[in-house]
Amino acid sequence: MIDISTLNPAQITVLGSAFCVMLSMHFTTQLLSQHLFYWKNPKEQKAIIIIIFMAPVYALVSFVGLLDIRGSKEFFTFLESVKECYEAVVIAKFLALMYSYLNISISRNIVPDEIKGREIHHSFPMTLFQPRTVLLNHHNLKLLKYWTWQFVVIRPVCSILMVTLQLLGLYPTWLSWTFTVILNISVSLALYSLVVFYHVFAKELAPHKPLAKFLCIKGIVFFCFWQGMLLELLAAFGVIQSRHFRLDVEHIEEAMQNILVCLEMVIFSVFHQYAYHAAPYSGEVEQMLKQNKKND
């Protein structure tokens, strides 16, 4: 039994973060076991399993960063790259899941006739490259898929270049900002394509709770990115200081980010229980629909 009173603040922080990682893993494996028990639609459920593991992967990677908080800049860049590469795979799998719900197959040129010809409304700045309104067809669906998958390619390539250039000592500030801009444009385009897809098929996707599913992914990306930006601003304005710590400001900022991510992933792993539950594959939903029809 650990006597908490004998631990210093740093040890308590690591212990608390480890507990958060274990909680995140607990909720995720619990949901995983439910899907494996009701293994009815492998194509959809494989995508769901990859998506729900986003929370524990983020938590675990952040915890590793917390264990070696005095690590080099290259080490933290590598850890951040692992999270964002997994994020890219999750975004692609989410779109594949939506395609499966709608019985759409781009590779086999399968697009149900009832959804062809719908209007897709683009907003600024996409209207600089696309007409404001286009009709839904196989070409436009393929375009939405490409907009999503480009992030799956660009993110790993940028990660490899960033880590390699840092190790070689060829990573000036302007190049760091260049990669940041490229990656933000890339992930924004991927998320934009998902939003467009949702608006076009909102009615058909409604029984599958697509908004809740999307917000679970978007929420993780949103919190990790913007709280990182906030911490950088606080450090730049001197709010975060290292006067009472053995770490410099940059490492304190990394530690705070990792601690917050460990905490937040517990919350998102709980949200996954609602958004990606196994009820649609257990027969409960079908029974409820039949019961409602009898009552009517």
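Criteria and cut-off values
Residues numbered from 1 in each chain as written. Predicted model: local features only at pLDDT ≥ 70, side-chain atom pairs only at ≥ 80, totals over all residues. Heavy atoms only, no water. Helix = DSSP H or I, 4+ residues; strand = E, 2+ residues; numbered from the N terminus. Contact = heavy atoms within 4.5 Å. Areas by Shrake-Rupley, 256 points an atom, 1.4 Å probe, with all protein chains shown as cover. Salt bridge = Lys/Arg side-chain N within 4 Å of Asp/Glu carboxyl O. 1 Å grid on protein atoms, 1.4 Å probe; cavity = no way out; pocket = protein on both sides within 12 Å on 5 of 7 lines; lining within 4 Å. Points joined across faces, edges and corners; volume = space filled by probe spheres on them. Axes fitted to C-alpha atoms, helices over the stretch in contact; angles between N-to-C directions. Parallel < 35°, antiparallel > 145°, perpendicular 65-115°, else oblique. Left-handed = near helix turned anticlockwise from the far one by under 90°. Nonpolar A, V, L, I, M, F, W, Y, C, P; charged D, E, K, R; others polar.

## Quick look at the overall build of the protein chain
Right, so step 1: Of regular secondary structure, the protein chain possesses 11 helices and two strands.
Right, so step 2: Ordering the α and β elements of the protein chain from the N terminus gives α-α-α-α-β-β-α-α-α-α-α-α-α.
Right, so step 3: Sequence separation of 24 or more characterises 74% of the internal contacts of the protein chain that already satisfy a separation of 6 or more.
Right, so step 4: Approximately 16,600 Å² of the protein chain is accessible, and the part contributed by carbon and sulfur atoms is 67%.

## A look at unusual backbone geometry
Right, so step 1: In the segment running from phenylalanine 124 into proline 125, the intervening peptide bond is cis, with an omega of 10°.
Right, so step 2: Along the chain, the position of proline 125 falls in the loop between strand S1 (119–121) and strand S2 (133–135).
Right, so step 3: Of note in this structure, lysine 209 is not a glycine but carries a positive phi near 50°.
Right, so step 4: Examined against the element boundaries, lysine 209 turns out to sit in the loop between helix H7 (202–205) and helix H8 (210–236).

## A short note on the pattern of salt bridges
Right, so step 1: Here the structure, examined in full by the defined rule, presents two salt bridges.
Right, so step 2: With a closest N to O distance of 3.5 Å, glutamate 80 and lysine 83 form a salt bridge. Residue glutamate 80 and its partner lysine 83 are both found in helix H4 (residues 73–101); the two are separated by three residues, about one turn of the helix.
Right, so step 3: The salt bridge partner of glutamate 84 is arginine 155, with a shortest N-O separation of 1.7 Å. Taken as a pair, glutamate 84 in helix H4 and arginine 155 in helix H5 (residues 138–167) lie far apart in primary sequence, 71 residues in all.

## Side note on empty space enclosed by the protein
Right, so step 1: The tally for this structure, following the rule as stated, stands at two cavities of 30 Å³ or more.
Right, so step 2: Within this model, the largest cavity holds a volume of roughly 50 Å³.
Right, so step 3: As for the largest cavity, its lining consists of Val61, Ser62, Phe76, Leu79, Glu80, Lys83, Glu254 and Asn258.
Right, so step 4: Contributing elements (two or more residues each) for the lining of the largest cavity: helix H3 (54–67), H4 and helix H9 (249–275).
Right, so step 5: The element best represented in the lining of the largest cavity is H4, accounting for four residues.
Right, so step 6: Here the second largest cavity defines a volume of roughly 30 Å³.
Right, so step 7: Lining the second largest cavity are Ile120, His122, Val134, Asn140, Leu143, Leu144 and Trp147.
Right, so step 8: If one sorts the elements of the lining of the second largest cavity by residue count, H5 sits on top with four residues.

## Section: the packing of helix H1 (residues 9–37) against H3
Right, so step 1: Contact pair H1 / H3: the axes reach a minimum separation of 9 Å and the direction vectors enclose 160°. By the angle class used here, H1 and H3 are roughly antiparallel. Here the hand of the crossing between H1 and H3 comes out left-handed. Contact residues: H1 offers Thr13, Val14, Ser17, Ala18, Val21, Ser24, Met25 and Thr28, while H3 offers Ala55, Pro56, Ala59, Leu60, Phe63, Leu66 and Leu67.
Right, so step 2: Across the contact of H1 with H3, the residue classes tally to 11 nonpolar, four polar and no charged.

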